[in-house]
Amino acid sequence: MINYNLVKFTMSAGTAEQLPNNDRPEIAFVGRSNVGKSSLMNKLFGRKDLVKVSSKPGKTTTINFFAIGGMDFVDLPGYGYARVNATEKQRWDNLMDGYFEGERNIKLVVALVDIRHDASPLDAQMIGYLESLGHPYAIAFTKADKLSHSRGVAQARLLREQLCVDESVRSVLVSSLKGTGIDDLKKVIEERLNF
Ligand SMILES: Nc1nc2c(ncn2[C@@H]2O[C@H](COP(=O)(O)OP(=O)(O)OP(=O)(O)O)[C@@H](O)[C@H]2O)c(=O)[nH]1
Ligand SMILES: [Mg+2]
């Protein structure tokens with residue numbers, strides 16, 4: 001079992017060069033800007049604001065590492081935030097490629113997708129990128145509190161089709177607001193870590 005109470009912020013990286021060499025097992029969180037990555041991590045950790053959340057998209061601009069025992073949980077900056085300039089986009093691309101293509105021990109990538117909207121081309125691109133690199137991933141459909149349970153389940157099925165997600169890939173519906181699905185996500189993470 002993972003003791004989420006032990007969580008500690010360790011460091012932020014703003015460039016690929018600042019990324020720590022890491023052979024510790026990592027669980028990474030990716031998704032569009034504003035999809036709810038930081039909120040979901042806080043919920044997993046049982047902490048209100050260890051990970052910074054904002055109503056303004058584009059809040060997380062660095063890769064942030066949180067240690068729990070011998071492993072790391074990694075908050076990645078959101079993609080698809082329109083109001084950034086070309087220099088900032090380039091920095092973001094280099095940072096993400098540096099992370100995903102570096103020598104690391106990525107055990108699971110949790111790819112977050114907003115349950116309310118159709119899949120964006122950027123979501124499809126991210127899933128394709130993870131598949132091309134062979135990183136194991138699961139999908140967390142976020143903001144499930146915004147839909148009824150049955151609509152949420154139907155929308156999750158549709159989104160899996162739109163994103164061409166293989167049947168073997170696990171997905172969970174989560175709400176950081178209500179706490180829905182958090183235990184399911186913890187199970188998916190622990191199964192990957194063989195606890
Ligand atoms: N209704 C609802 N709102 C949520 C939920 N999770 C997050 N939000 C809201 O969505 C907004 C963005 O949340 P963040 O957790 O900062 O999203 P993020 O993906 O980390 O965003 P970036 O750091 O910009 O990439 C905030 O206003 C949150 O309060 C949820 O489960 N339900
Ligand atoms: Mg964030």
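The shown structure was predicted, so the numbers you read here are calculated from the model rather than taken from an experiment.

Trainee: Help me get a handle on the pairing of strand β2 (residues 25-31), residues and values and all.
Mentor: Within β2, six of the seven residues are buried, which leaves it mostly tucked inside the rest of the structure. With seven bridges connecting them, β2 and strand β5 (residues 105-114) associate as parallel partners. Paired with A28 across the strands is V109, a residue of β5. The pairing of β2 with strand β4 (residues 71-75) spans four bridges and is parallel. Its bridge partner being in β4, A28 is matched across the sheet by V74.

Trainee: Please give an account of the side chain of H135 that cites residues and values.
Mentor: The topology assignment puts H135 in the loop between α3 (121-133) and β6 (137-142). Take H135: its relative accessible area is 14%, and that puts it in the buried class. Polar side-chain contacts of H135 include one of 2.9 Å to the backbone oxygen of F100. The contact partners of H135, leaving out residues within four places of it in the chain, are F100, I106, V109 and L130.

Trainee: Which residues make up the nonpolar core, and what are the values?
Mentor: Across soluble globular proteins, nonpolar side chains have a tendency to be buried as a group. Counting residues in hydrophobic clusters, the biggest one holds 31 residues, and the most contacted among them are V30, I63, L76, Y99, F100, Y137 and I139. Setting aside anything within four residues of it in sequence, one finds I63 in contact with M11, S12, A13, L19, V74, D75, L76, P77, L95 and Y99. Ranked by size, the runner-up nonpolar core spans 27 residues in total, among them I2, I27, F29 and V110.

Trainee: Quick rundown of helix α2 (residues 86-101)? Include the residues and the values.
Mentor: Between its first and last C-alpha, α2 extends 22 Å over 16 residues, near the 22 Å set by a 1.5 Å rise per residue. Every buried residue of α2 is listed here: W92, L95, M96, Y99 and F100. Each buried residue of α2 sits inside an arc of 115° when the element is viewed along its axis, so together they form one side. When the buried face of α2 is taken as reference, the exposed residues oriented beyond 90 degrees from it are A86 and T87. Where α2 is buried, its residues contact β1 (8-13), β2, β3 (63-68), β4, β5 and α3. Capping the start of α2, N85 holds a side-chain oxygen 3.3 Å from the backbone nitrogen of T87, two or three residues further along.

Trainee: Just give me the short version of the sheet that holds β5, but keep the residues and values in it.
Mentor: Here we have seven strands laid out as an open sheet, ordered β1-β3-β4-β2-β5-β6-β7, and mixed in their pairing. Each of the sheet's edge strands pairs with one partner strand only, and the pair in question is β1 and β7 (171-173). Neighbouring strand axes in the sheet, compared pairwise and without regard to direction, differ in orientation by 20° on average.

Trainee: Now, about the layout of surface pockets: what can you tell me, with residues and values included?
Mentor: To find leftover empty space, one rolls a probe the size of a water molecule over the atoms. Considered as a void within the structure, the second largest pocket measures approximately 480 Å³ in volume. Considering the residues around the second largest pocket, the lining is formed by 20 residues, among which G78, Y79, G80, W92 and D93 are closest to the centre. Of all the secondary-structure elements, those providing two or more residues to the lining of the second largest pocket are α2 and α3. Among the elements that make up the lining of the second largest pocket, the one with the highest residue count is α2 (seven residues). Taken together, the residues that form the lining of the second largest pocket break down as nine nonpolar, six polar and five charged.

Trainee: Could you give me a rundown of the pattern of salt bridges, with the residues and numbers involved?
Mentor: Counted according to the given criterion, the structure contains five salt bridges. Between R24 and D72 there is a salt bridge; the shortest N-O distance is 2.8 Å. Of this pair, R24 sits in the loop between β1 and β2 while D72 sits in strand β4; the two residues are 48 residues apart in sequence, bridging distant segments of the chain. Put simply, R116 and D114 hold a salt bridge, and the shortest N to O gap is 2.9 Å.

Trainee: How would you sum up unusual backbone geometry? Please name residues and give values.
Mentor: Positive phi outside glycine occurs at K143, with the angle close to 65°. Within the secondary structure layout, K143 lies in the loop between β6 and α4 (149-162). Not every positive phi belongs to a glycine, and C164 is a case in point at roughly 55°. Mapped onto the elements, C164 comes out in the loop between α4 and β7.

The rules behind these values
- Residues numbered from 1 in each chain as written.
- Chains lettered and ligands numbered in written order.
- Predicted model: local features only at pLDDT ≥ 70, side-chain atom pairs only at ≥ 80, totals over all residues.
- Heavy atoms only, no water.
- Buried < 20%, exposed > 50% of the residue type's maximum accessible area, 1.4 Å probe, protein only.
- Helix = DSSP H or I, 4+ residues; strand = E, 2+ residues; numbered from the N terminus.
- Pairing = 2+ DSSP bridges.
- Polar contact = N/O pair within 3.5 Å; in protein donor to acceptor, adjacent residues only side chain to side chain.
- Contact = heavy atoms within 4.5 Å.
- Core = buried A, V, L, I, M, F, W, Y, C linked by side-chain atoms within 4.5 Å.
- Expected span 1.5 Å × (residues − 1).
- Arc of directions from axis to C-beta.
- Axes fitted to C-alpha atoms, helices over the stretch in contact; angles between N-to-C directions.
- 1 Å grid on protein atoms, 1.4 Å probe; cavity = no way out; pocket = protein on both sides within 12 Å on 5 of 7 lines; lining within 4 Å.
- Points joined across faces, edges and corners; volume = space filled by probe spheres on them.
- Nonpolar A, V, L, I, M, F, W, Y, C, P; charged D, E, K, R; others polar.
- Salt bridge = Lys/Arg side-chain N within 4 Å of Asp/Glu carboxyl O.

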